Amino acid sequence: QIKDSATLTRDVLEQHFSDLKGTLKKLLDERLTSLLQEVDVIEQESIKPLDECQKLIEHGVSTADDLLREGESAVDGDVGQQNEKLCNFTKKALHIQLDSLPEVPSLVDVPCLSAQLDDCLLTILKNQIFRHGTVASRPPVQLEEFVEKPGGILVRWCKVEEDFIPQDYRLQYRKSTASPFEDVYVGSETEFMVLHIDPNVDYQFRVCARGDGRQEWSPWSVPQLGRTTLVPHEWTAGLEGYSLSSRRNIALRNDSQSCGVLYSKAPTYFCGQTLTFRQVLFGIETVGQPDRRDSLGVCVEQRNGDDSLQRDKAVCVSTNGAVFVNGKEMTNQLPAVTSGSTVTFDMEVVQLGPCSNEGGNFKLRVTISSNNREVVFDWVLDQCCGSLYFGCSFSYPGWKVLVF
(Lines give C-alpha, C1' and ligand atoms only; values in the text may rest on other atoms or scores of the structure.)
Protein backbone atom coordinates (compact mmCIF):
# COMPACT_ATOMS: atom_id res chain seq x y z
CA GLN A 1 0.00 0.00 0.00
CA ILE A 2 2.84 2.42 0.86
CA LYS A 3 4.71 1.82 -2.39
CA ASP A 4 1.57 1.88 -4.54
CA SER A 5 0.28 5.08 -2.95
CA ALA A 6 3.74 6.70 -3.22
CA THR A 7 3.97 5.83 -6.92
CA LEU A 8 0.46 7.14 -7.54
CA THR A 9 1.25 10.35 -5.62
CA ARG A 10 4.38 10.94 -7.71
CA ASP A 11 2.40 10.47 -10.91
CA VAL A 12 -0.31 12.86 -9.72
CA LEU A 13 2.25 15.52 -8.72
CA GLU A 14 4.19 15.27 -12.00
CA GLN A 15 1.04 15.42 -14.09
CA HIS A 16 -0.38 18.34 -12.09
CA PHE A 17 2.77 20.47 -12.32
CA SER A 18 3.18 19.61 -16.00
CA ASP A 19 -0.37 20.80 -16.64
CA LEU A 20 0.30 23.85 -14.48
CA LYS A 21 3.41 24.81 -16.46
CA GLY A 22 1.52 24.46 -19.72
CA THR A 23 -1.33 26.57 -18.42
CA LEU A 24 1.02 29.27 -17.07
CA LYS A 25 2.90 29.48 -20.39
CA LYS A 26 -0.40 29.78 -22.24
CA LEU A 27 -1.57 32.56 -19.91
CA LEU A 28 1.74 34.45 -20.22
CA ASP A 29 1.65 34.17 -24.02
CA GLU A 30 -1.94 35.46 -24.03
CA ARG A 31 -0.98 38.39 -21.80
CA LEU A 32 2.02 39.24 -23.99
CA THR A 33 -0.14 39.18 -27.11
CA SER A 34 -2.69 41.44 -25.43
CA LEU A 35 -0.05 44.00 -24.41
CA LEU A 36 1.56 44.01 -27.89
CA GLN A 37 -1.87 44.65 -29.38
CA GLU A 38 -2.27 47.62 -27.02
CA VAL A 39 1.07 49.01 -28.27
CA ASP A 40 -0.06 48.64 -31.89
CA VAL A 41 -3.37 50.40 -31.22
CA ILE A 42 -1.76 53.33 -29.35
CA GLU A 43 0.90 53.70 -32.05
CA GLN A 44 -1.62 53.76 -34.86
CA GLU A 45 -4.02 56.14 -33.12
CA SER A 46 -1.26 58.53 -32.02
CA ILE A 47 0.76 58.73 -35.22
CA LYS A 48 -2.20 59.22 -37.59
CA PRO A 49 -2.82 62.98 -36.82
CA LEU A 50 0.94 63.65 -36.93
CA ASP A 51 1.20 62.04 -40.36
CA GLU A 52 -1.67 64.19 -41.61
CA CYS A 53 -0.01 67.29 -40.17
CA GLN A 54 3.25 66.41 -41.92
CA LYS A 55 1.48 65.95 -45.24
CA LEU A 56 -0.15 69.39 -44.91
CA ILE A 57 3.20 71.05 -44.16
CA GLU A 58 4.92 69.29 -47.03
CA HIS A 59 2.11 70.33 -49.37
CA GLY A 60 2.36 73.96 -48.21
CA VAL A 61 6.13 74.00 -48.71
CA SER A 62 5.77 72.48 -52.19
CA THR A 63 3.13 75.09 -53.13
CA ALA A 64 5.32 77.96 -51.89
CA ASP A 65 8.28 76.56 -53.81
CA ASP A 66 6.27 76.39 -57.03
CA LEU A 67 5.04 79.96 -56.51
CA LEU A 68 8.59 81.17 -55.90
CA ARG A 69 9.82 79.68 -59.15
CA GLU A 70 6.85 81.20 -61.00
CA GLY A 71 7.71 84.63 -59.54
CA GLU A 72 11.31 84.31 -60.61
CA SER A 73 10.16 83.38 -64.13
CA ALA A 74 7.90 86.47 -64.26
CA VAL A 75 10.77 88.80 -63.34
CA ASP A 76 13.24 87.29 -65.81
CA GLY A 77 10.95 87.47 -68.89
CA ASP A 78 10.68 90.37 -71.42
CA VAL A 79 8.65 93.46 -70.60
CA GLY A 80 5.54 92.40 -72.50
CA GLN A 81 5.36 89.05 -70.88
CA GLN A 82 6.35 90.38 -67.42
CA ASN A 83 3.14 92.32 -66.97
CA GLU A 84 0.99 89.31 -67.77
CA LYS A 85 3.11 86.89 -65.69
CA LEU A 86 3.25 89.29 -62.75
CA CYS A 87 -0.53 89.70 -62.89
CA ASN A 88 -1.03 85.95 -62.82
CA PHE A 89 1.56 85.58 -60.09
CA THR A 90 -0.15 88.25 -57.97
CA LYS A 91 -3.59 86.64 -58.33
CA LYS A 92 -2.23 83.17 -57.41
CA ALA A 93 -0.28 84.58 -54.46
CA LEU A 94 -3.47 86.23 -53.11
CA HIS A 95 -5.32 82.90 -53.15
CA ILE A 96 -2.56 80.89 -51.46
CA GLN A 97 -2.16 81.33 -47.70
CA LEU A 98 1.55 80.93 -47.33
CA ASP A 99 1.55 82.14 -43.75
CA SER A 100 -0.91 79.41 -42.56
CA LEU A 101 0.39 76.09 -41.12
CA PRO A 102 -1.47 73.34 -39.21
CA GLU A 103 -1.07 73.32 -35.46
CA VAL A 104 1.80 71.10 -34.43
CA PRO A 105 1.43 69.53 -30.93
CA SER A 106 4.14 70.23 -28.41
CA LEU A 107 6.61 67.49 -27.64
CA VAL A 108 5.12 66.79 -24.21
CA ASP A 109 1.72 66.14 -25.82
CA VAL A 110 3.06 63.54 -28.19
CA PRO A 111 2.64 59.96 -26.82
CA CYS A 112 5.84 58.20 -25.78
CA LEU A 113 5.14 54.51 -25.27
CA SER A 114 6.69 52.46 -22.47
CA ALA A 115 6.04 49.21 -20.62
CA GLN A 116 5.49 49.05 -16.85
CA LEU A 117 6.47 45.62 -15.53
CA ASP A 118 6.12 45.09 -11.79
CA ASP A 119 8.78 42.74 -10.48
CA CYS A 120 6.65 41.96 -7.42
CA LEU A 121 4.69 39.49 -9.60
CA LEU A 122 7.66 37.14 -9.40
CA THR A 123 7.69 37.44 -5.62
CA ILE A 124 3.95 36.77 -5.41
CA LEU A 125 4.21 33.80 -7.77
CA LYS A 126 7.21 32.47 -5.88
CA ASN A 127 5.37 32.62 -2.56
CA GLN A 128 2.25 31.03 -4.03
CA ILE A 129 4.18 28.29 -5.82
CA PHE A 130 6.17 27.37 -2.72
CA ARG A 131 2.91 27.04 -0.78
CA HIS A 132 1.10 25.20 -3.56
CA GLY A 133 0.31 21.55 -2.89
CA THR A 134 0.88 19.35 0.11
CA VAL A 135 1.84 15.74 0.66
CA ALA A 136 -0.04 13.94 3.42
CA SER A 137 0.92 10.62 4.95
CA ARG A 138 -2.78 9.80 5.36
CA PRO A 139 -6.11 11.43 4.36
CA PRO A 140 -7.80 13.59 7.04
CA VAL A 141 -10.96 11.41 6.97
CA GLN A 142 -11.40 7.65 6.82
CA LEU A 143 -14.27 5.23 6.49
CA GLU A 144 -15.19 3.88 9.91
CA GLU A 145 -18.09 1.43 9.70
CA PHE A 146 -20.46 -0.33 7.32
CA VAL A 147 -23.84 -1.39 8.73
CA GLU A 148 -25.90 -3.86 6.73
CA LYS A 149 -29.42 -2.75 5.90
CA PRO A 150 -32.07 -4.43 3.74
CA GLY A 151 -31.07 -3.44 0.22
CA GLY A 152 -28.66 -0.82 1.52
CA ILE A 153 -25.55 -0.02 3.53
CA LEU A 154 -25.25 2.59 6.27
CA VAL A 155 -21.78 4.08 5.79
CA ARG A 156 -20.08 5.96 8.63
CA TRP A 157 -16.81 7.91 8.53
CA CYS A 158 -14.73 10.08 10.86
CA LYS A 159 -11.83 12.52 10.70
CA VAL A 160 -8.43 11.22 11.79
CA GLU A 161 -6.48 14.49 11.66
CA GLU A 162 -6.89 16.54 14.82
CA ASP A 163 -6.15 19.95 13.28
CA PHE A 164 -8.43 19.42 10.30
CA ILE A 165 -11.75 21.29 10.53
CA PRO A 166 -14.19 19.76 8.01
CA GLN A 167 -16.87 21.81 6.33
CA ASP A 168 -18.31 19.19 3.96
CA TYR A 169 -17.84 15.51 3.25
CA ARG A 170 -18.06 13.74 -0.09
CA LEU A 171 -18.87 10.02 -0.32
CA GLN A 172 -18.43 8.00 -3.50
CA TYR A 173 -19.01 4.35 -4.41
CA ARG A 174 -18.80 1.95 -7.31
CA LYS A 175 -20.06 -1.56 -7.93
CA SER A 176 -16.86 -2.91 -9.50
CA THR A 177 -13.30 -1.74 -10.06
CA ALA A 178 -14.02 -1.54 -13.78
CA SER A 179 -16.63 1.19 -13.30
CA PRO A 180 -15.84 4.78 -12.22
CA PHE A 181 -16.64 6.13 -8.76
CA GLU A 182 -19.76 8.28 -8.52
CA ASP A 183 -20.94 10.74 -5.89
CA VAL A 184 -23.61 9.40 -3.58
CA TYR A 185 -23.53 12.05 -0.83
CA VAL A 186 -22.15 15.58 -0.28
CA GLY A 187 -22.92 17.28 3.03
CA SER A 188 -21.93 17.88 6.63
CA GLU A 189 -23.16 14.59 8.14
CA THR A 190 -20.72 11.79 9.06
CA GLU A 191 -22.97 8.94 7.93
CA PHE A 192 -25.21 8.19 4.98
CA MET A 193 -27.62 5.42 4.06
CA VAL A 194 -26.73 4.16 0.57
CA LEU A 195 -29.80 2.54 -0.99
CA HIS A 196 -30.33 0.40 -4.11
CA ILE A 197 -27.55 -1.97 -3.07
CA ASP A 198 -27.73 -5.48 -4.50
CA PRO A 199 -27.36 -8.11 -1.75
CA ASN A 200 -24.21 -10.25 -1.56
CA VAL A 201 -22.32 -7.96 -3.95
CA ASP A 202 -19.15 -6.06 -2.98
CA TYR A 203 -19.21 -2.29 -3.39
CA GLN A 204 -16.17 -0.05 -3.04
CA PHE A 205 -16.47 3.16 -1.04
CA ARG A 206 -14.23 6.17 -0.44
CA VAL A 207 -14.68 9.53 1.30
CA CYS A 208 -12.94 12.90 1.32
CA ALA A 209 -13.58 16.25 2.98
CA ARG A 210 -13.31 19.97 2.34
CA GLY A 211 -11.70 22.08 5.03
CA ASP A 212 -13.45 25.07 6.52
CA GLY A 213 -13.23 28.04 4.16
CA ARG A 214 -11.50 26.07 1.40
CA GLN A 215 -12.62 25.15 -2.10
CA GLU A 216 -10.49 22.11 -2.85
CA TRP A 217 -11.23 18.61 -1.57
CA SER A 218 -8.82 16.61 0.55
CA PRO A 219 -7.19 13.38 -0.68
CA TRP A 220 -9.50 10.38 -0.83
CA SER A 221 -9.59 7.86 1.98
CA VAL A 222 -8.32 4.33 1.42
CA PRO A 223 -11.09 2.59 -0.59
CA GLN A 224 -12.90 -0.11 1.37
CA LEU A 225 -15.38 -2.81 0.46
CA GLY A 226 -18.89 -2.95 1.87
CA ARG A 227 -21.77 -5.34 1.25
CA THR A 228 -25.14 -6.32 2.59
CA THR A 229 -26.53 -9.83 2.87
CA LEU A 230 -30.05 -8.56 3.60
CA VAL A 231 -32.55 -8.56 0.77
CA PRO A 232 -34.24 -5.22 0.17
CA HIS A 233 -37.66 -4.43 1.60
CA GLU A 234 -40.35 -4.57 -1.06
CA TRP A 235 -44.04 -3.79 -1.14
CA THR A 236 -46.44 -6.37 -2.59
CA ALA A 237 -47.19 -5.62 -6.22
CA GLY A 238 -50.64 -5.79 -7.78
CA LEU A 239 -52.81 -4.30 -5.03
CA GLU A 240 -55.36 -1.94 -6.52
CA GLY A 241 -55.04 1.51 -5.05
CA TYR A 242 -51.23 1.58 -4.93
CA SER A 243 -48.56 2.13 -7.57
CA LEU A 244 -44.99 0.97 -6.92
CA SER A 245 -41.58 2.15 -8.08
CA SER A 246 -39.42 -0.09 -10.27
CA ARG A 247 -37.57 -1.42 -7.21
CA ARG A 248 -40.88 -1.76 -5.32
CA ASN A 249 -39.50 0.10 -2.30
CA ILE A 250 -41.72 3.17 -2.88
CA ALA A 251 -45.51 2.95 -2.71
CA LEU A 252 -47.76 5.70 -4.07
CA ARG A 253 -51.44 5.87 -3.11
CA ASN A 254 -53.14 6.52 -6.42
CA ASP A 255 -56.61 7.90 -7.10
CA SER A 256 -58.30 4.51 -7.20
CA GLN A 257 -61.40 4.22 -5.02
CA SER A 258 -60.25 0.84 -3.74
CA CYS A 259 -58.65 0.89 -0.30
CA GLY A 260 -56.97 -1.59 1.97
CA VAL A 261 -53.66 -2.44 3.62
CA LEU A 262 -50.56 -2.71 1.44
CA TYR A 263 -48.20 -5.30 2.97
CA SER A 264 -44.58 -6.17 2.35
CA LYS A 265 -43.81 -8.88 -0.17
CA ALA A 266 -42.35 -11.07 2.61
CA PRO A 267 -41.68 -10.89 6.37
CA THR A 268 -38.30 -9.20 5.84
CA TYR A 269 -38.17 -7.17 9.05
CA PHE A 270 -36.15 -8.89 11.79
CA CYS A 271 -35.85 -7.86 15.42
CA GLY A 272 -32.62 -5.99 16.08
CA GLN A 273 -32.87 -4.07 12.82
CA THR A 274 -34.24 -0.59 12.16
CA LEU A 275 -37.21 -0.28 9.81
CA THR A 276 -37.63 3.19 8.29
CA PHE A 277 -40.62 4.75 6.51
CA ARG A 278 -40.04 8.10 4.80
CA GLN A 279 -42.75 10.30 3.36
CA VAL A 280 -41.50 11.32 -0.09
CA LEU A 281 -42.40 14.60 -1.82
CA PHE A 282 -45.08 14.09 -4.43
CA GLY A 283 -45.52 16.71 -7.14
CA ILE A 284 -46.63 20.06 -5.80
CA GLU A 285 -48.55 18.40 -2.97
CA THR A 286 -46.85 17.86 0.37
CA VAL A 287 -48.85 14.81 1.47
CA GLY A 288 -52.25 13.38 0.78
CA GLN A 289 -55.37 14.26 2.73
CA PRO A 290 -55.22 12.45 6.10
CA ASP A 291 -57.75 9.99 7.47
CA ARG A 292 -57.98 8.55 10.99
CA ARG A 293 -57.51 5.01 9.59
CA ASP A 294 -54.24 5.89 7.81
CA SER A 295 -51.27 4.11 9.36
CA LEU A 296 -47.69 2.81 8.99
CA GLY A 297 -46.42 -0.15 10.96
CA VAL A 298 -45.55 -3.83 11.34
CA CYS A 299 -47.64 -6.94 11.88
CA VAL A 300 -47.32 -10.65 12.51
CA GLU A 301 -49.22 -11.71 9.40
CA GLN A 302 -50.86 -10.45 6.26
CA ARG A 303 -54.63 -10.25 6.53
CA ASN A 304 -56.78 -9.37 3.56
CA GLY A 305 -60.00 -7.45 4.00
CA ASP A 306 -58.74 -4.96 6.61
CA ASP A 307 -58.75 -1.26 5.74
CA SER A 308 -56.17 -0.31 8.39
CA LEU A 309 -53.24 -1.66 10.43
CA GLN A 310 -55.04 -0.50 13.57
CA ARG A 311 -55.90 -4.12 14.51
CA ASP A 312 -54.67 -7.01 16.62
CA LYS A 313 -51.20 -8.52 16.07
CA ALA A 314 -49.98 -5.18 14.73
CA VAL A 315 -48.34 -1.99 15.96
CA CYS A 316 -48.61 1.18 13.89
CA VAL A 317 -48.55 4.97 13.81
CA SER A 318 -51.40 6.93 12.28
CA THR A 319 -50.68 9.97 10.12
CA ASN A 320 -51.80 12.24 12.96
CA GLY A 321 -49.17 10.69 15.27
CA ALA A 322 -51.36 8.34 17.32
CA VAL A 323 -49.72 5.01 18.26
CA PHE A 324 -51.79 1.81 18.15
CA VAL A 325 -50.87 -1.52 19.74
CA ASN A 326 -53.11 -4.47 18.82
CA GLY A 327 -55.78 -2.01 17.72
CA LYS A 328 -55.75 0.03 20.96
CA GLU A 329 -54.58 3.66 20.98
CA MET A 330 -51.83 4.58 23.45
CA THR A 331 -51.83 7.76 25.48
CA ASN A 332 -48.39 8.73 24.19
CA GLN A 333 -48.40 10.34 20.78
CA LEU A 334 -45.82 11.24 18.13
CA PRO A 335 -45.76 14.25 15.76
CA ALA A 336 -48.01 14.08 12.73
CA VAL A 337 -46.55 12.70 9.52
CA THR A 338 -45.81 15.57 7.14
CA SER A 339 -43.76 16.17 4.02
CA GLY A 340 -40.33 14.57 4.44
CA SER A 341 -41.22 12.90 7.76
CA THR A 342 -39.29 9.80 8.78
CA VAL A 343 -40.78 7.12 11.07
CA THR A 344 -38.51 4.35 12.39
CA PHE A 345 -39.32 1.09 14.18
CA ASP A 346 -36.75 -0.68 16.38
CA MET A 347 -37.56 -3.92 18.20
CA GLU A 348 -35.73 -6.29 20.52
CA VAL A 349 -36.94 -9.53 22.03
CA VAL A 350 -37.87 -9.73 25.73
CA GLN A 351 -39.09 -13.27 26.52
CA LEU A 352 -41.64 -13.68 29.30
CA GLY A 353 -41.97 -17.43 29.41
CA PRO A 354 -40.93 -20.59 27.59
CA CYS A 355 -41.00 -20.23 23.83
CA SER A 356 -41.25 -23.06 21.33
CA ASN A 357 -42.40 -23.62 17.80
CA GLU A 358 -45.85 -24.34 19.17
CA GLY A 359 -46.07 -20.87 20.74
CA GLY A 360 -45.80 -19.24 24.12
CA ASN A 361 -45.62 -15.86 25.78
CA PHE A 362 -43.46 -13.54 23.69
CA LYS A 363 -42.66 -9.88 24.30
CA LEU A 364 -41.00 -7.37 22.05
CA ARG A 365 -39.56 -4.05 23.25
CA VAL A 366 -40.71 -1.58 20.60
CA THR A 367 -39.26 1.89 19.98
CA ILE A 368 -41.01 4.11 17.45
CA SER A 369 -39.31 7.42 16.56
CA SER A 370 -40.47 10.38 14.51
CA ASN A 371 -39.22 13.98 14.29
CA ASN A 372 -36.82 13.66 17.28
CA ARG A 373 -39.48 12.14 19.52
CA GLU A 374 -39.94 8.50 20.42
CA VAL A 375 -42.37 6.13 22.15
CA VAL A 376 -41.15 2.96 23.89
CA PHE A 377 -43.47 0.12 24.95
CA ASP A 378 -43.67 -3.68 25.23
CA TRP A 379 -45.69 -5.61 22.67
CA VAL A 380 -46.91 -8.96 24.02
CA LEU A 381 -47.66 -11.72 21.52
CA ASP A 382 -48.89 -15.30 21.92
CA GLN A 383 -46.34 -16.72 19.51
CA CYS A 384 -42.64 -16.45 18.66
CA CYS A 385 -41.97 -14.10 15.77
CA GLY A 386 -38.53 -14.17 14.21
CA SER A 387 -39.60 -11.88 11.38
CA LEU A 388 -42.47 -9.50 10.72
CA TYR A 389 -44.36 -7.98 7.81
CA PHE A 390 -44.62 -4.22 7.40
CA GLY A 391 -47.53 -2.36 5.89
CA CYS A 392 -49.33 0.90 5.26
CA SER A 393 -52.86 2.04 4.58
CA PHE A 394 -54.02 5.37 3.15
CA SER A 395 -57.54 6.38 2.23
CA TYR A 396 -56.76 9.30 -0.08
CA PRO A 397 -54.31 9.71 -2.99
CA GLY A 398 -51.07 11.65 -2.71
CA TRP A 399 -49.21 9.65 -0.07
CA LYS A 400 -45.85 8.35 -1.23
CA VAL A 401 -43.79 6.22 1.16
CA LEU A 402 -40.24 4.90 0.85
CA VAL A 403 -39.28 1.94 3.04
CA PHE A 404 -35.77 0.79 3.91
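Residues numbered from 1 in each chain as written. Predicted model: local features only at pLDDT ≥ 70, side-chain atom pairs only at ≥ 80, totals over all residues. Heavy atoms only, no water.

Caption draft 1: Broad picture of the overall build of the protein. A tally of regular secondary structure across the protein gives 3 helices and 21 strands. Radius of gyration (C-alpha) of the protein: 44 Å, far over the 22 Å computed for a compact globule of 404 residues. Projected onto the principal axes, the alpha-carbon positions of the protein cover approximately 155 × 60 × 40 Å. A buried classification covers 32% of the 404 residues belonging to the protein. Taking contacts inside the protein between residues at least 6 apart in sequence as the whole, the part at least 24 apart equals 60%. Accessible surface computed for the protein: about 25300 Å², of which carbon and sulfur atoms make up 52%. (Helix = DSSP H or I, 4+ residues; strand = E, 2+ residues; numbered from the N terminus. Rg over C-alpha atoms; globule rule 2.2 N^0.38 Å. Buried < 20%, exposed > 50% of the residue type's maximum accessible area, 1.4 Å probe, protein only. Contact = heavy atoms within 4.5 Å. Areas by Shrake-Rupley, 256 points an atom, 1.4 Å probe, with all protein chains shown as cover.)

Caption draft 2: Broad picture of the domain arrangement of the protein. Parsing the protein into structural domains produces domain 1 (1-131), domain 2 (141-228) and domain 3 (242-403). For domain 2 versus domain 3, the distance between C-alpha centres works out to 31 Å. Counting from both sides, the interface comprises 5 residues of domain 2 and, opposite them, 5 residues of domain 3. Each partner contributes to the roughly 370 Å² buried at the junction of domain 2 and domain 3, and carbon and sulfur atoms together form 49% of this total. Together, Lys-149, Pro-150 and His-196 form the three largest contributors to the area buried by domain 2 at its contact with domain 3, with a combined 77%. Summed over the shared surface of domain 2 and domain 3, the number is 0 salt bridges. One can count 0 residue pairs in polar contact (both at pLDDT 80 or more) joining domain 2 with domain 3. Here the side of domain 2 that touches domain 3 is composed, by residue class, of 2 nonpolar, 1 polar and 2 charged. (Domains from an automatic or database assignment. Buried area = accessible area lost by both parts, 1.4 Å probe. Salt bridge = Lys/Arg side-chain N within 4 Å of Asp/Glu carboxyl O. Polar contact = N/O pair within 3.5 Å; in protein donor to acceptor, adjacent residues only side chain to side chain. Nonpolar A, V, L, I, M, F, W, Y, C, P; charged D, E, K, R; others polar.)

Caption draft 3: Representation of the sheet that holds strand β5 (residues 191-195) in the model. Strand order in the open sheet formed by 3 strands is β1-β2-β5, and the pairing between neighbours is antiparallel. Looking along the sheet, the strands with just one partner apiece sit at the ends: β1 (141-149) and β5. Sheet twist, expressed as the average angle between the axes of neighbouring strands with direction ignored, equals 25°. In this structure, strand β2 (residues 152-159) lies alongside β5, joined through 5 bridges in antiparallel fashion. Its bridge partner being in β5, Gly-152 is matched across the sheet by Leu-195. (Pairing = 2+ DSSP bridges. Axes fitted to C-alpha atoms, helices over the stretch in contact; angles between N-to-C directions.)

Caption draft 4: Representation of the pairing of strand β12 (residues 274-279) within the structure. Pairing of β12 with strand β17 (residues 342-350), which is carried by 5 bridges, proceeds in the antiparallel orientation. Paired with Thr-274 across the two strands is Asp-346, which belongs to β17. Pairing between β12 and strand β21 (residues 400-403): 3 bridges, direction antiparallel. What sits directly across from Gln-279, in β21, is Val-401.

Caption draft 5: Spatial organisation of the sheet that holds strand β9 (residues 250-253). Pairing within the open sheet is antiparallel, and its 7 strands lie in the order β8-β9-β21-β12-β17-β18-β19. Both outer strands of the open sheet, β8 (242-244) and β19 (373-381), are each paired with one neighbouring strand and no more. For this sheet, the mean angle separating the axes of adjacent strands, direction not counted, is 20°.

Caption draft 6: The arrangement of the packing of aromatic side chains in detail. Following the criterion strictly, the structure yields 11 aromatic pairs and no others. An angle of 85° between the planes, with centres 5.8 Å apart, marks the rings of Phe-277 and Phe-345 as edge-to-face. In this pair, Phe-277 sits in strand β12 while Phe-345 sits in strand β17, placing the two residues 68 residues apart along the sequence. Exposure class is identical for Phe-277 and Phe-345. Each is buried. Taken together, a centroid distance of 5.0 Å and an interplanar angle of 10° make the contact between Phe-394 and Trp-399 stacked. The same class applies to Phe-394 and to Trp-399, which are both buried. When the ring centre of Trp-220 is taken as origin, the NZ or CZ atom of Arg-206, which lies over that ring, is 4.1 Å away. Above the ring of Trp-217, the side-chain terminus of Arg-210 is found at 4.2 Å from the ring centroid. (Phe/Tyr/Trp six-rings, centres within 6.5 Å; stacked < 30°, edge-to-face > 60°. Lys NZ or Arg CZ within 6 Å of the ring centre and 35° of its normal.)

Caption draft 7: Structural detail: the nonpolar core. Grouped together as the largest cluster of nonpolar side chains are 35 residues, with contacts concentrated most on Met-347 and Trp-379. Not counting residues up to four positions away in its chain, the partners in contact with Met-347 are Tyr-269, Cys-271, Gly-272, Gln-273, Val-298, Val-315, Leu-364, Arg-365, Val-366, Trp-379 and Leu-388. Formed by 16 residues, the second largest nonpolar core is a distinct cluster that contains Val-141, Val-155, Leu-171 and Val-194. (Core = buried A, V, L, I, M, F, W, Y, C linked by side-chain atoms within 4.5 Å.)

Caption draft 8: Geometry of the pattern of salt bridges. The full count for this structure, using the stated rule, is 17 salt bridges. A salt bridge links Glu-234 to Lys-265; its shortest N-O distance comes to 3.7 Å. Of the two residues, Glu-234 sits in the loop between β7 (224-226) and β8 while Lys-265 sits in the loop between β10 (262-263) and β11 (269-270), which places them 31 residues apart along the sequence. Taking relative accessible area as the criterion, Glu-234 reaches 16% and is therefore assigned buried.

Caption draft 9: Focus on the environment of Leu-334. With respect to the element layout, Leu-334 can be found in the loop between β16 (328-333) and β17. Linking Leu-334 and Ser-179, residues 155 residues apart in sequence, is a C-alpha distance of 44 Å. Every residue in contact with Leu-334, bar those within four places of it in the chain, is listed here: Val-317, Asn-320, Gly-321, Val-323, Ile-368, Ser-370, Arg-373, Glu-374 and Val-375.

Caption draft 10: Broad picture of the side chain of Glu-234. A distance of 3.1 Å separates the side chain of Glu-234 from the side chain of Arg-248, its partner in a polar contact. Glu-234 has contacts with Arg-247, Arg-248, Ser-264, Lys-265 and Phe-390, leaving out every residue within four places of it along the chain.

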